[in-house]
Amino acid sequence: MGKSSRSRNKQKNQYHHPFNNASSSTNDAQAVSHESIIPGYYYDEEKKRYFKILPNSLSNAGSFVTKETIKKNEGENQRLLDRSKALGHTRKSTSASSTSSSQNKETKAKDYLVQPLLNVLSAVQCGQYTCHNLIRYTMRQRCHKLKPQPGWETGQYATLASTNISPGDIQKMETTKDCKKAVTVWSQKGIILYWMQLVNLSTVKKKQSVSSVGRYLDLSIHDPGDYVGSSLNKVTSLCWSPLSQAPGKTCVLYTTVCPVGYSGSRVSIFNLEASSSQDAHMFSFDLGKHSVWSCAWNKHRSRFSVGCERKTHVIDIYSRQKWTYLTQNSDSLAQLFSHSNPHLLYSGTRSGFVLTIDLRAPYHSHDPVAKFNHKHSVVCLRSLMDENYLMASDYSGLIRTWDLRFQKTVKRFTGLVNSHYQLPFYIDDTEKFVYATGSDGYCKIWDAKDEFLLKSIAPPLSIHSVDSLPVSHLSEKWAGCQGNFGLVTAMANKFFLYC
């Protein structure tokens with residue numbers, strides 16, 4: 001009796017032993033799936049061990065296993081799997097559930113794009129499709145087939161070696177309308193210091209094979225005298241500020257907040273093409289020890305707005321006069337001036353409302369002209385060519401298109417992952433695509449007309465904090481060349497191209 005009991009225990013231990021032969025891999029998978037559901041414990045498939053799940057407060061203390069670390073590991077495995085699929089590599093999945101979830105994400109996109117081009121051209125000839133439908137079909141195909149270019153990864157900060165700058169993560173990037181220039185904001189490793197620099201975008205022809213020649217993007221840093229703008233405070237928002245009195249100068253408006261609270265918040269205008277600090281700093285205004293989250297530039301006048309705690313300020317850069325408008329006792333997280341009406345300002349608040357403020361009204365007025373309920377904190381605002389519509393995103397990741405005439409939502413773009421981060425979204429210059437990067441690092445691209453999710457692109461590198469999230473921009477006329485379609489992603493201190 002004892003011998004048979006020992007033999008059964010031996011077989012049981014051998015069944016659960018992590019170093020079984022390949023012939024028992026199926027039994028191992030069944031054992032793992034059976035034992036990994038033990039409450040309070042996590043089974044690591046690589047280490048073949050159990051770990052007790054501890055509180056999330058110990059996530060950054062040593063190698064403790066918490067729900068947060070488990071979520072990070074699963075996200076990193078999924079990122080590597082999606083990245084390898086995008087590169088066309090075969091990679092063995094470490095989790096059957098992650099593989100199935102990745103396939104489900106691409107199912108809807110493939111359903112619409114399965115029509116061959118010959119069928120579409122035949123439908124155009126028969127009058128079933130118009131030329132506009134053919135153009136949209138082509139753009140959808142190009143967007144769906146975006147793939148990373150492995151040999152194009154570019155680290156562009158080697159030219160600043162003489163200044164002893166150790167670059168950190170690129171946190172913000174904004175491009176001009178002609179997509180010939182971009183401004184990047186990146187941190188310095190080891191200390192609280194932020195740098196701003198201008199990037200010139202140009203195209204070069206690179207030979208792919210003997211019979212084909214492709215067009216690629218080439219990034220080069222504008223480096224006059226190795227001078228770049230710096231700030232000891234954190235840059236919270238950034239936008240272009242073209243000055244009519246200073247034509248030809250590339251200027252940006254940005255706000256800064258002291259992370260430790262010793263100095264006041266400031267808003268400044270910086271000339272990115274200056275050769276010295278005296279010519280670079282065009283304007284600076286002290287906002288006191290208040291948190292600042294957003295800024296917007298009024299192109300009709302030499303004025304800008306700044307979103308602060310429970311109010312927004314409008315400041316004239318020449319007279320330095322300041323007007324204060326209340327935002328219904330809520331912080332202004334996003335702002336946008338109307339393109340056609342210089343007296344209208346849109347403000348997205350923490351309480352989940354989009355307020356329309358008439359600047360001609362008394363600045364102490366509590367009531368806006370109109371307001372739209374977004375249910376969650378509004379973090380980004382964008383306007384379309386048709387100013388009867390306004391786009392807004394919130395903390396939940398939902399992007400809505402509002403009809404300002406009827407004050408109703410007409411479109412919803414879903415699928416973006418976000419919880420409480422102030423993440424922007426963008427619209428390409430032709431208003432064909434809406435794209436944004438979520439808190440998981442995935443870049444989502446939608447069709448702007450029918451809200452269809454076309455592409456989900458995995459981040460090129462692992463994410464260790466919110467400051468390391470990638471920043472992406474999509475355009476079909478990079479460097480001013482029409483038809484030069486691609487996605488440029490900035491992450492860490494490198495640039496990545498998808499085309």
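Bear in mind the structure is a predicted one, so any value in this text is a computation, not a measurement.

Some points on helix α3 (residues 67-87)
- Its 21 residues place the ends of α3 30 Å apart at the C-alpha level, agreeing with the 30 Å of an ideal helix rising 1.5 Å per residue.
- Inspection of α3 places Thr-69, Ile-70, Gln-78, Arg-79, Leu-81, Asp-82, Arg-83 and Ser-84 among the buried residues, and these make up the whole buried set.

A few points about the side chain of Thr-256
- Turning to its location among the elements, Thr-256 is positioned in strand β10 (residues 251-257).
- Note on Thr-256: relative accessible area 5%, which makes it buried.
- The residues contacting Thr-256, other than those within four sequence positions of it, are Ser-231, Asn-233, Lys-234, Val-235, Thr-236, Ser-265 and Arg-266.

Let's talk about the confidence of the model for the protein
- Per-residue confidence for the protein gives a mean pLDDT of 78; residues scoring 70 or more make up 75%.
- Across residues 8-35 the pLDDT falls below 50, and counting only partners more than four positions away or on other chains, this stretch makes 14 contacts in the model.
- Within the model, pLDDT remains below 50 along residues 207-215, and this stretch shows 15 contacts once partners closer than five positions in the same chain are excluded.

Overview of helix α6 (residues 131-144)
- The first and last C-alpha atoms of α6 sit 20 Å apart over 14 residues, in line with the 20 Å expected at 1.5 Å per residue.
- When α6 is considered as a whole, its buried residues turn out to be Arg-136, Tyr-137, Met-139, Arg-140, Gln-141, Cys-143 and His-144.

Remarks on the sheet that holds strand β19 (residues 353-358)
- One open sheet accounts for 4 strands, arranged β17-β18-β19-β20; its pairing is antiparallel. Strands with a single pairing partner mark the edges of an open sheet, and in this sheet they are β17 (332-337) and β20 (370-373). Neighbour-to-neighbour, the strand axes of the sheet open up by a mean angle of 20°, direction not taken into account.

So, the sheet that holds strand β24 (residues 408-413)
- Spatial ordering of the open sheet is given by β21-β22-β23-β24, a layout of 4 strands whose pairing is antiparallel. The open sheet is flanked by β21 (378-383) and β24, the only strands paired with a single partner. Neighbour to neighbour, the strand axes of the sheet diverge by 25° on average, direction disregarded.
- Two elements, strand β23 (residues 399-403) and β24, share 5 bridges in a ladder whose sense is antiparallel. Paired with Thr-401 across the bridge in β24 is Lys-411.

Quick look at the pattern of salt bridges
- What the rule picks out here adds up to 10 salt bridges.
- Linking Asp-316 and Arg-303 is a salt bridge whose minimum nitrogen-to-oxygen distance equals 3.2 Å. Separated by 13 residues along the polypeptide, Asp-316 in strand β15 (residues 311-316) and Arg-303 in strand β14 (residues 303-308) bring together distant segments of the chain.
- In this structure Arg-303 comes out as partly exposed when scored by relative accessible area, which is 21%.

Cut-offs applied
Residues numbered from 1 in each chain as written. Predicted model: local features only at pLDDT ≥ 70, side-chain atom pairs only at ≥ 80, totals over all residues. Heavy atoms only, no water. Helix = DSSP H or I, 4+ residues; strand = E, 2+ residues; numbered from the N terminus. Expected span 1.5 Å × (residues − 1). Buried < 20%, exposed > 50% of the residue type's maximum accessible area, 1.4 Å probe, protein only. Contact = heavy atoms within 4.5 Å. pLDDT = per-residue confidence, 0-100. Pairing = 2+ DSSP bridges. Axes fitted to C-alpha atoms, helices over the stretch in contact; angles between N-to-C directions. Salt bridge = Lys/Arg side-chain N within 4 Å of Asp/Glu carboxyl O.

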